[in-house]
Each structure stands twice: as structure tokens, then as C-alpha cells.
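# Structural characterization, general
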Amino acid sequence: MKNILLLGSGGRECALAWKLSQSPLCGTFFIAPGNAGTAEYGINLPISYNDFEAIGKACLEYKIDIIIPGPEDPLVLGIYDFIKNTPALRHIIVAGPSKAGAQLEGSKAFSKKFMERHNIPTASYHEYTKDSFEQGVAYIKRSDMPIVIKADGLAAGKGVVIAQNAIEAVKAFRAMVMDEQFGEASSKVVIEQFLDGIELSVFAFTDGTNYVLLPEAKDYKRIGEGDKGLNTGGMGAISPVPFADNEFMLKVTERIVVPTITGLKKEDIFYQGFIFFGLIKVNGDPYVIEYNCRLGDPETEVVIPRLENDLVEMILKMEEGKLDEVVVQHSAKAAGAVMLVSEGYPGHYEKGMEMTGFDSVKGSLLFHAGTATKDGAVVTNGGRVLAITSYGEDIGQALDKSYENASIVNYKGKYYRKDIGWEFSK
Ligand code: AMP
Ligand code: GLY
């Protein structure tokens, strides 16, 4: 039995908590800081997932054997290196990459150069700073539109602008690099070619040499129906993705997954744990839009329910470098998740709205995202509030069930998209 500490507080972590707590290998299970949903599966600790000192103390106090970082921040900040460089903590398994490996997500410029070195298909690009601002403007002016402007570092999902014309592009570029819109994170900017296609998320779990693929997923990022309006953390997800057939996935594996894992190894960049490939299919071929060093949210809320293997056992195999011994079993059933959010999200929204109806939900899994407990009641505590996941014979059936239950859970200001999976359900 292994004592486990899961870091994070969103729907992804709730889905992971649900899964991990079912493992016969799971000993005492903690989540830092967790939410009202994770508290059903383990013990929430009031610790920020970026507070390494406090995490280290908790690891000693609770004799933690495995740490699973949910979000990117602790990974990019170097939780792996912190644990491995602290003698009293070194024995702990960290299911995530080193700080150097997390740069795949932490720096767009790093990941673009990495892909270039290993011939991994991605949009063509150039990199600029304050000093090369004029060259950047000239590059925009001679490029085809639309064009994509990206802050190099982490910008809470807001660092990407798809500009329709050169005026918009220069405005976004200037705001990032000259006006330091995202501080240090936009001191460097990547300007890249716009790829026109359909996106999907592919997840590998690796020990640095071997890897397994988890079920693929597609998320719906825009706030409005028909993929309109502002970008959000994700309004829903489906798995499997109908266009990710064997032929396409073979291309993904050969052109992207394998060169990424072997490339990291060749460059002596220590990487274990999840790699999230944000891909786009253009004329039948896959291109990398971005790498993430973690699982996706809300993709995890459909991927993890479709994973039939014991995740703790997989983590132990990762640690031994024996993931080649694991055969991943994907459920034959489809899964569909609908995210309930707070009115106003992704802009300003209120918190603390009492939530009702949980007991009347039948046939779905409820993965809390932004919730808390207050005076014995569950209240909203974030923009994305609750992921409702259901299984079905196909995506349409899964989503019908999620929508049935989305109408049952209530709180003031509830909003959700009614068209998740619209391209694929009847
Ligand atoms: P990222 O943070 O890199 O995932 O970008 C956020 C979103 O912007 C992606 O999920 C895509 O929808 C879009 N995007 C980013 N880069 C490109 C690109 N080169 N071509 C088309 N869309 C893109
Ligand atoms: N759903 C996209 C992400 O987790 O980055």
C-alpha cells in the first residue's frame, strides 16, 4: 500500500482522486488543497500546490510514497527537483517530469526549438523579444493571415492570440513584448503560422523510455455554443475522438509521440509522467499545437473514466522503468463530460452559491472543479464548477445522460454549453 499525495483542486484532480482511491494499492490518500468533491475520496490538506516547503513537511508527516502533480505550475516550478534534491524526501515517487522536462509546457520557445531539432511537425514560427520588436513587426507584415502570437511562458491560458490581420497581430505582439502584458512570461514571444484544422488531445504516460497511450479526447474551449466567444479552461470533453482512427493515430505515434520521448532522452532531459500532446489534424496529418507536462482539464474527466488499468500500479511500473510491461485497456464505452460554470466566467463571476440536486443525479459521475464546503453545504468556489461525466454506447448517448443531469444540479448563475460533441453526436 502506498500513501499518495495528489496536488491540485480542479475537476482533473477530482477525476484522478476518484480513480486513485479505487486502487487496492492506494493507502492513505491526501489531496492538496482539493475541493468538496475530492474530500469524498481522500483527505484534503489546506496547502497550496506551489508551496513546496509545506508539501515537503506534509510528505514527512504523512509518510507519503507518491506525489502526483495535477496542474502545470508545480512541475514548471520544479517540484520533481525539489523532492529529489531534499535528502529526507528523495525516496518519494513523483509522477511528473523534472523542471527541465516541464519546459515543454513552460516555454513555447523551448518547445518549438525542441520540435525543430527532432523534426516533429508543428507550425512554422519565429521568436522575438523587445530587442527584435521591429523585426517581429516586419515578419508579421509579410506573413499570411491569420497569424498566432504566443507569450513564451505560462499565462494562465490567456497568452495566445489568433490575429485576423496585421493590425491586430502587431497590437497583441506589442502588448506582450513591449508593454509586458504577462510580465516575464511575455518578455519572449513566439509568432507562428495559423493551422486550419480540427484539434484533439493525446496523452502518453512515460517512464522516460517506454510509454503507453491513454484514451484520446477532444475538449471544447470556447465559452459559447458553436465554438464562439472567449477561451475558457474547457467547457466539456469527449472520448474517444471519432476522427482519431488507427491510421491517424499511427501517424501521431510515429511522427510525434516516439520522436518526443526519444528526443527528450537523447538530450538527457529527465521526463516521466504524463505528456499531453495538443494536436491539430490538417489535411489528414497531425501537427503539434502545444505540449503540456500534465493531463488536460476537462479531458481527464473523460480519459480517466475510460482507463481500465490501475493507475497506482502504472505509476509503480513507471518508477521501475517497466512501462513496457503495461498494456493499457481502454473502455469500449464512450464518455462525455459537460462542465457547469459560474455566470460571467471566464470574466468576473461570484463565488459561494449554494449547490443543490446532487442526490437526484443518476447515472453520471460528478467531478467537482470549483467547489467548497461551507456550513455543511456545497457551494461554488470557482469559474468552472462541476464536470458531469457519463458513459454511453456512443458519444451522443453519453452526452444525453450528462445533459439530463446538468439540468438537475442547480445553483444561482449556472451556465453550460448545450452543444458539447456537436460535430459527432447525432
Ligand atoms: P495553446 O495555449 O498553445 O494551446 O493555444 C491555445 C489555443 O489556440 C489552441 O488550443 C488552439 O485552438 C489555438 N492555436 C494555438 N496555436 C495555433 C496555431 N498555430 N494554429 C491554429 N490555432 C492555434
Ligand atoms: N483542456 C486543455 C488544457 O488542459 O490545457
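Here, the structure is the one placed above.
Every chain's residues receive numbers from 1 upward, in the order its sequence appears when written. By the order in which they are written, chains take letters starting at A while ligands take numbers starting at 1. The predicted nature of this model means local features are confined to residues of pLDDT at least 70 and side-chain atom pairs, given and counted, to a pLDDT of 80 or more, with totals for whole chains, interfaces and linings taken over all residues. Only hydrogens and water are set aside; all other atoms, that is, all heavy atoms of the structure, feed into the side-chain values.

A separate point is the site of ligand 2. Every residue lining ligand 2 is accounted for by Asp-219, Gly-233, Phe-276, Asn-292, Arg-294, Gly-296, Asp-297, Pro-298 and Glu-299. Pairs of N or O atoms are called polar contacts if they sit within 3.5 Å, as long as, within protein, a hydrogen donor faces a hydrogen acceptor (for residues adjacent in sequence, only side-chain-to-side-chain pairs). Asp-219 places a polar side-chain atom, nitrogen or oxygen, 2.7 Å from a nitrogen atom of ligand 2. Working definition of accessibility: Shrake-Rupley area with a 1.4 Å probe, residue cover restricted to the visible protein chains. Here ligand 2 has 200 Å² of accessible area as a free molecule, and 87% of this is covered by the chains. Any residue that is not Ala, Val, Leu, Ile, Met, Phe, Trp, Tyr, Cys, Pro, Asp, Glu, Lys or Arg is counted as polar, Gly included; the first ten are nonpolar and the last four charged. Across the shell around ligand 2, the residue classes tally to 2 nonpolar, 3 polar and 4 charged. Nearness is judged by heavy atoms alone; a residue qualifies as near a molecule or strand once a single heavy atom is within 4 Å of it.

With that settled, consider the sheet that holds strand β17 (residues 285-292). Paired strands, in this sense, are two strands between which DSSP finds at least two bridges. The numbering of helices and of strands both runs from the N terminus, where a helix is a DSSP run of H or I of at least 4 residues and a strand a run of E of at least 2. Read from one edge to the other, the open sheet built from 4 strands follows the order β11-β10-β16-β17, with strand pairing classed as antiparallel. Of all the strands in the sheet, the pair left with one neighbour each is β11 (211-213) and β17. Here the average twist between neighbouring strands, direction ignored, is 35 degrees. Between two residues, a contact is recorded if the distance between any of their heavy atoms is within 4.5 Å. Axis angles are defined between N-to-C directions and span 0 to 180 degrees, where every axis is a line fitted to C-alpha atoms and, for a helix, only to the segment in contact. Helix α11 (residues 311-320) contacts β10 (198-206), β11 and β16 (273-282) of the sheet and is inclined by roughly 65 degrees relative to β10.

Attention now moves to the site of ligand 1. In the vicinity of ligand 1, 14 residues are found, and the nearest of them are Glu-192, Gln-193, Leu-195, Glu-199 and Glu-290. At a separation of 2.8 Å, a nitrogen atom of ligand 1 approaches a polar backbone atom of Leu-195. Here Lys-221 contributes a side-chain N or O atom positioned 3.0 Å from an oxygen atom of ligand 1. Looking at the shell around ligand 1, the elements that each hand over two or more residues are β7 (147-151), β8 (160-163), β9 (188-193) and β17. Here the residues of the shell around ligand 1 sort into 7 nonpolar, 1 polar and 6 charged.

The next thing to look at is the pattern of salt bridges. It is possible for side chains bearing opposite charge to pair when their charged atoms get close. Basic side-chain nitrogens of Lys or Arg form a salt bridge, by our definition, when they fall within 4 Å of a carboxyl oxygen of Asp or Glu. Summed over all chains, the structure comprises 21 salt bridges. The shortest N-O distance in the salt bridge between Asp-419 and Arg-417 comes to 2.8 Å. Note on Asp-419: relative accessible area 13%, which makes it buried. Counted as one network, the salt bridges with shared partners bring together Glu-72, Glu-105 and Arg-294. The classification of residues rests on relative accessible area computed with a 1.4 Å probe and restricted to protein chains. Under 20% of the type maximum is buried, over 50% is exposed, and intermediate values are partly exposed.

As a further point, take the packing of aromatic side chains. For this analysis, a ring pair means two rings from Phe, Tyr or Trp (six-membered ring only for Trp) whose centres lie within 6.5 Å, classed as stacked if their planes differ by under 30 degrees, edge-to-face if by over 60, and tilted for the remaining angles. A complete count under the given rule lists 16 aromatic pairs for this structure. One aromatic cluster is present, formed by Phe-110, Phe-114, Phe-277 and Tyr-291 through successive ring pairs. Over a ring means this: the NZ of a Lys or the CZ of an Arg is within 6 Å of the ring centre and within 35 degrees of the ring normal. A cation sits over an aromatic face here: Lys-418 above Tyr-416, 4.3 Å from the ring centre.

The subject of this paragraph is the environment of Asn-292. Along the polypeptide, Asn-292 turns up in strand β17. With relative accessibility at 2%, the residue Asn-292 sits in the buried group. The spacing of Asn-292 and Gly-278 is 14 residues in sequence and 7.5 Å in space, taken between C-alpha atoms. When near neighbours in sequence (up to four residues on either side) are disregarded, Asn-292 contacts Glu-105, Tyr-271, Phe-274, Ile-275 and Phe-276. Here Glu-290 takes part through its side chain, which lies 3.2 Å from a polar atom of the side chain of Asn-292.

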